[in-house]
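Reading the structure
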Amino acid sequence: STPVATFCALLRAARMGLLVKGGNVLESLGEVRVAAFDKTGTITRGEFSIKDFLVVRDKVQMSQLLYWVSSIESKSSHPMAAALVEYAQSKSIQPKPEDVTETCIYHGEGIYGAINGKHIYIGNERIMARSSCRQQEAGHRETDGLKGVSVGLVICDGDLVGKFSLSDTCRTGAAEAILQLRSMGIKSVMLTGDSEAAAKHAQEQLGGVLEELHSGLLPEDKVRLIRGLQARHGATLMVGDGMNDAPALAAADVGVSMGLSGSAAAIETSHATLMSGDVLRVPKAVRLGRRTRRTIA
Ligand code: ADP
Ligand code: MG
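Cut-off values and rules
Residues numbered from 1 in each chain as written. Chains lettered and ligands numbered in written order. Predicted model: local features only at pLDDT ≥ 70, side-chain atom pairs only at ≥ 80, totals over all residues. Heavy atoms only, no water. Donors = N, O, S within 2.8 Å, 3.2 Å for Na, K, Ca; no water. Helix = DSSP H or I, 4+ residues; strand = E, 2+ residues; numbered from the N terminus. Buried < 20%, exposed > 50% of the residue type's maximum accessible area, 1.4 Å probe, protein only. Salt bridge = Lys/Arg side-chain N within 4 Å of Asp/Glu carboxyl O. Pairing = 2+ DSSP bridges. Axes fitted to C-alpha atoms, helices over the stretch in contact; angles between N-to-C directions. Contact = heavy atoms within 4.5 Å. Phe/Tyr/Trp six-rings, centres within 6.5 Å; stacked < 30°, edge-to-face > 60°. Expected span 1.5 Å × (residues − 1). Near = heavy atom within 4 Å. Polar contact = N/O pair within 3.5 Å; in protein donor to acceptor, adjacent residues only side chain to side chain. Areas by Shrake-Rupley, 256 points an atom, 1.4 Å probe, with all protein chains shown as cover. Nonpolar A, V, L, I, M, F, W, Y, C, P; charged D, E, K, R; others polar. Core = buried A, V, L, I, M, F, W, Y, C linked by side-chain atoms within 4.5 Å. Arc of directions from axis to C-beta.

Attention now goes to the coordination of the magnesium ion (ligand 2). Asp38 (OD), Thr40 (O) and Asp241 (OD) make up the full set of protein donors to the magnesium ion (ligand 2), lying at 2.2 Å. Between consecutive donor residues of the magnesium ion (ligand 2), the sequence gaps follow D-x1-T-x200-D. Placement of the pair is Asp38 in strand S2 (residues 34-38) and Asp241 in the loop between strand S11 (236-240) and helix H11 (246-251), with a sequence separation of 203 residues. Each member of the pair Asp38 and Asp241 is classed as buried.

As structure tokens, this is what we get:
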């Protein structure tokens, strides 16, 4: 390939807001046969709002629960964390991250924190199992009837004490981007750590354009699915923003991270970074990749 042609293509990519790490990335983009999209923060805005927040045990007060949750979530960069902190503040509860003496983040599950001598887990049903919560069975039932599609649980010293639900909206242009990819012969699938209900809800908002939905995934599950797509279809594109997407972004033939909202890990392991939330630039970049391959062939 001529250095000049590659340089021009890289410039054109930069002008459309795609920072590419090397000329061969554009060529690989032109070869893509299938695209995998993360949900939260990639297909959706990653701006959750709390729909319901409920105390499950009478022993605990709402203000106490919101103080624990917001203080611990202040330590997390997960999109759900920001929504929970904001929610507490809207109820006049000030988070006190300085009161949190210990934290541990479980990707695809949630977060653990110690505060005022209490051991608190916040997250999905996976975190419930990890917390050795005494109401394992109840957890499933307790999440019934909540209005949002993503559900969270709060466990304090082994007791389920709270539950909440959240919702997020799809980015403008997400459905259009996937339709454009389809018209170029590229099928799109969703890989998410969120629940099946949340995955289906996003698919509905998109008008059913995705060909496969995979939910409840851990970071390593996303990698396994990327490898499966590569084996079945060939060159695979992965688009994601989270720390939990980093291994899948590295495993894909082309990993594209979301630059503005993305985690440092995702930006580091990806091959290219989209400098805005405009996912319509994904099919645009593939078209540029295809043109680049033709010029340098
Ligand atoms: P995604 O693939 O959709 O970006 P993640 O792997 O980041 O999702 O998270 C998967 C799930 O883990 C979330 O849907 C949520 O249920 C739970 N989770 C992760 N981090 C947190 C947190 N800080 N607080 C509450 N729940 C969390
Ligand atoms: Mg994400």
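Structure's up, so let's keep going.
A few words on the pattern of salt bridges. Here the structure, examined in full by the defined rule, presents ten salt bridges. Here Arg130 and Glu109 are joined by a salt bridge, their closest N and O atoms 2.6 Å apart. Remark: Glu109 occurs in the loop between strand S4 (100-106) and strand S5 (110-115) and Arg130 occurs in helix H6 (residues 125-130); sequence separation between them is 21 residues. Each of the salt bridges in this network shares a partner with another, and the network as a whole consists of Asp38, Lys222 and Asp245.

Read from one edge of the open sheet, six strands run S3-S8-S7-S6-S5-S4, paired in antiparallel fashion. With partners counted over all chains shown, the strands left at the sheet margins are strand S3 (49-55) and S4, one partner each. Adjacent strand axes in the sheet meet at a mean angle of 15°, parallel and antiparallel pairs treated alike. Where S5 and strand S6 (residues 118-123) come together, six bridges link them in antiparallel fashion. From the neighbouring strand, Ile111 faces S6, where its bridge partner is Ile122. Sitting on the sheet, helix H5 (residues 79-90) touches S3, strand S7 (150-156) and strand S8 (159-167), and the angle it makes with S3 is about 65°.

The next subject is the packing of aromatic side chains. This structure, assessed with the given rule, holds three aromatic pairs. A centroid spacing of 5.6 Å and a plane angle of 15° characterise the contact between Phe53 and Tyr87, whose relative ring orientation is stacked. Here the residue Phe53 occupies a position in strand S3, and Tyr87 occupies one in helix H5, the gap between them amounting to 34 residues. Summarising the burial analysis for this pair, Phe53 and Tyr87 share the class buried.

With that out of the way, let us pick up the pairing of S5. Taken across its six residues, S5 has five buried, putting it largely inside the fold. Counting the residues that bridge the hairpin from S4 to S5 gives three residues, and of these Gly108 lies at a positive phi of roughly 80°. Between S5 and S6, which follow one another and run antiparallel, lie two residues, and Asn116 among them has a positive phi close to 50°.

The subject of this paragraph is helix H10 (residues 219-233). In this model, H10 (15 residues) spans 21 Å end to end at C-alpha, consistent with the 21 Å of a helix rising 1.5 Å per residue. All buried positions along H10 are accounted for by Pro219, Asp221, Lys222, Val223, Leu225, Ile226 and Leu229. The secondary structure elements touched by the buried residues of H10 are S2, H6, strand S9 (187-191), strand S10 (212-214), S11 and H11. Looking one or two places after H10, you find Gly234, whose phi comes out positive at around 105°.

Among the 16 residues in the neighbourhood of ligand 1, the closest are listed as Thr40, Glu73, His78, Gly193 and Asn244. Measuring from an oxygen atom of ligand 1, one finds a side-chain N or O atom of His78 at 2.8 Å. Between ligand 1 and the protein, one listed contact pairs an oxygen atom with a side-chain N or O atom of Asn124 at 3.3 Å. Starting from 550 Å² of accessible surface for ligand 1 in isolation, the protein chains cover 95%. Residues that form the shell around ligand 1 fall into these classes: one nonpolar, ten polar and five charged.

What follows concerns the nonpolar core. Core analysis: the biggest nonpolar cluster contains 37 residues, and Leu18, Leu29, Phe37, Ile43, Leu206, Leu237 and Val256 have the highest contact counts within it. Apart from residues no more than four positions distant in its own chain, Leu206 is found in contact with Ile43, Cys170, Ala174, Ala175 and Ile178. By size, the runner-up hydrophobic cluster in this structure holds 26 residues, among which are Leu65, Ile93, Ile122 and Phe164.

Before going further, it helps to spend a moment on helix H8 (residues 174-183). Taken together, the buried positions of H8 are occupied by Ala174, Ala177, Ile178, Gln180 and Leu181. The buried residues of H8 occupy an angular sector of 160° when the element is viewed end-on, so they sit on one face. Positive phi appears at Gly185, one or two residues downstream of H8, with a value of about 85°.

For the rest of this paragraph, the subject is unusual backbone geometry. Most peptide bonds adopt trans geometry, and most residues besides glycine take a negative phi value. At Ser92, a position not held by glycine, the phi torsion is positive, near 65°. Summarising the element assignment, Ser92 is placed in the loop between H5 and S4. We note that Ser132 has phi near 45°; this positive angle belongs to a residue other than glycine. Tracing the backbone through its elements, the reader meets Ser132 in the loop between H6 and helix H7 (136-142). Owing to a relative accessible area of 54%, Ser132 belongs among the exposed residues under this scheme.

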